[in-house]
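# Structural features, examined
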Amino acid sequence: TCPADVSHECDAPVDYGMATATDNCQAPVITVDVTETGDSCETMITRVFTATDGCGNISSCVQTITIVDTTAPVITGESSLDMSCDMIDENILVEYTDNCNEVSITYTDQEVSGGCAGEIIRTYTATDLCGNASTFVQILDLFDDVAPEVTCAPDMTIECGEEMPAMTEPEYSDNCGEVELSFEVTDDEDDCLRTVTRTWTATDECGNASTCSQVITIEDTTPPVIICPADVSHECDAPVDYGIA
């Protein structure tokens, strides 16, 4: 008599049992032959039990064991997290396990409004080798505490008669979102030196701001051009107008 057929999940602790045998005259000897087919998603184990008495009479029976993986992976993690807006592409922020097989995990992001940097609804999907899958939704509240980087045109020095250089927008970048530029011009002047300062401010959507300045110095280092009257030679009593430079 064989133990009953069994079907169970791959991680279940199961006692498959043992065949029993009786004989009319002698105590039989039981042997078992085991074959296994399939893979980690479904394994078929066949146990053929054979009872043999002392005279060589035999009987056999078969037990079939089916081992399956129909259990989806388990995903655990925080349902809501604060995260820097420039880190959203660099993190798997959950843990995942499976009862028997390897797991691959993917996620999709949905951007929604919320706060100055926005909000991400991230849906993780964990799938084991047998195609069993589970999902987990995580809300990422984004923050931005990094100011933009801004670089103004280099300082310049020009002569007072030269044309003032054109206003040049600075180069700028930010870790997240859009940047707004504004500028202010101050003009300090005395008789010999004039300083024009162009100050640019780059402000991101969360109010982080950086400034840079271009200083244009306008100076007068050119001596005047003077033209003297022509040289003169005359008699001592001649009335002469010597002229003026």
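Below, the structure is looked at part by part. Please read these numbers as outputs of a predicted model, since none were measured by experiment.

### Some words on a nonpolar patch on the surface
Residues Met18, Val32 and Val34 make up a contiguous nonpolar surface patch of about 250 Å² in total accessible area. As for its placement among the helices and strands, Val32 is situated in strand E2 (residues 29-38). The exposure class of Val32 is partly exposed, given its relative accessible area of 38%.

### What about the side chain of Asp69?
The topology assignment puts Asp69 in the loop between strand E4 (58-68) and strand E5 (74-77). Buried and unpaired, Asp69 has no salt bridge, with Arg47 as the nearest side chain of opposite charge at 22 Å. Polar side-chain contacts of Asp69 include one of 3.2 Å to the backbone nitrogen of Thr71. At a separation of 2.8 Å, a polar atom in the side chain of Asp69 contacts the side chain of Asn101. Apart from the residues lying within four places of it in its own chain, the contact partners of Asp69 are Glu9, Cys10, Ser40, Cys41, Asp98, Asn99, Cys100, Asn101, Asp128, Cys130 and Asn132.

### Some words on the layout of surface pockets
Empty space among the atoms becomes apparent when a probe as large as a water molecule is rolled across them. In this structure, the largest pocket encloses a volume near 240 Å³. Every residue lining the largest pocket is counted, 18 residues in all, and those nearest its centre are Ala21, Thr22, Pro28, Ala51 and Ser59. Classifying every residue of the lining of the largest pocket by side-chain character gives 8 nonpolar, 8 polar and 2 charged.

### Regarding the packing of aromatic side chains
Aromatic ring pairs are defined here through the distance separating the ring centres and the angle between the ring planes. This structure, assessed with the given rule, holds 2 aromatic pairs. Its guanidinium or amino end placed over the ring of Tyr107, Arg122 lies 3.9 Å from that ring's centre, counting from NZ or CZ.

### A short note on the state of the cysteines
Under the counting rule described, the total for this entry stands at 6 disulfides. By sequence-ordered numbering of the bonded cysteines, the chain has its disulfides arranged as 1-4, 2-6, 3-8, 5-10, 7-11, 9-12. Looking at the unpaired Cys25, the closest cysteine sulfur is the one in Cys55, lying at 7.3 Å. Counting only cysteine sulfurs, Cys160 is the nearest neighbor of Cys192, a cysteine outside any disulfide, at a range of 9.5 Å. Of the residues examined, Cys192 reaches a relative accessible area of 58% and is grouped as exposed.

### With respect to the sheet that holds strand E15 (residues 193-204)
Spatial ordering of the open sheet is given by E12-E16-E15-E14, a layout of 4 strands whose pairing is mixed. Since the sheet does not close on itself, it has two edges, and those belong to strand E12 (156-159) and strand E14 (179-189), each with one partner. If you compare each strand with its neighbour and ignore which way they point, the axes differ by 20 degrees on average. As paired strands, E15 and strand E16 (residues 209-219) are joined by 11 bridges and run antiparallel to one another. When the sheet's bridge partners are listed, Arg194 is paired in E16 with Ile218.

Conventions and cut-offs
Residues numbered from 1 in each chain as written. Predicted model: local features only at pLDDT ≥ 70, side-chain atom pairs only at ≥ 80, totals over all residues. Heavy atoms only, no water. Patch = residues over 30% accessible without salt bridge, like charges linked within 9 Å, V, L, I, M, F, W, Y side chains within 5 Å. Areas by Shrake-Rupley, 256 points an atom, 1.4 Å probe, with all protein chains shown as cover. Salt bridge = Lys/Arg side-chain N within 4 Å of Asp/Glu carboxyl O. Helix = DSSP H or I, 4+ residues; strand = E, 2+ residues; numbered from the N terminus. Buried < 20%, exposed > 50% of the residue type's maximum accessible area, 1.4 Å probe, protein only. Lys, Arg positive; Asp, Glu negative; His and termini not counted. Polar contact = N/O pair within 3.5 Å; in protein donor to acceptor, adjacent residues only side chain to side chain. Contact = heavy atoms within 4.5 Å. 1 Å grid on protein atoms, 1.4 Å probe; cavity = no way out; pocket = protein on both sides within 12 Å on 5 of 7 lines; lining within 4 Å. Points joined across faces, edges and corners; volume = space filled by probe spheres on them. Nonpolar A, V, L, I, M, F, W, Y, C, P; charged D, E, K, R; others polar. Phe/Tyr/Trp six-rings, centres within 6.5 Å; stacked < 30°, edge-to-face > 60°. Lys NZ or Arg CZ within 6 Å of the ring centre and 35° of its normal. Disulfide = S-S within 2.5 Å. Pairing = 2+ DSSP bridges. Axes fitted to C-alpha atoms, helices over the stretch in contact; angles between N-to-C directions.

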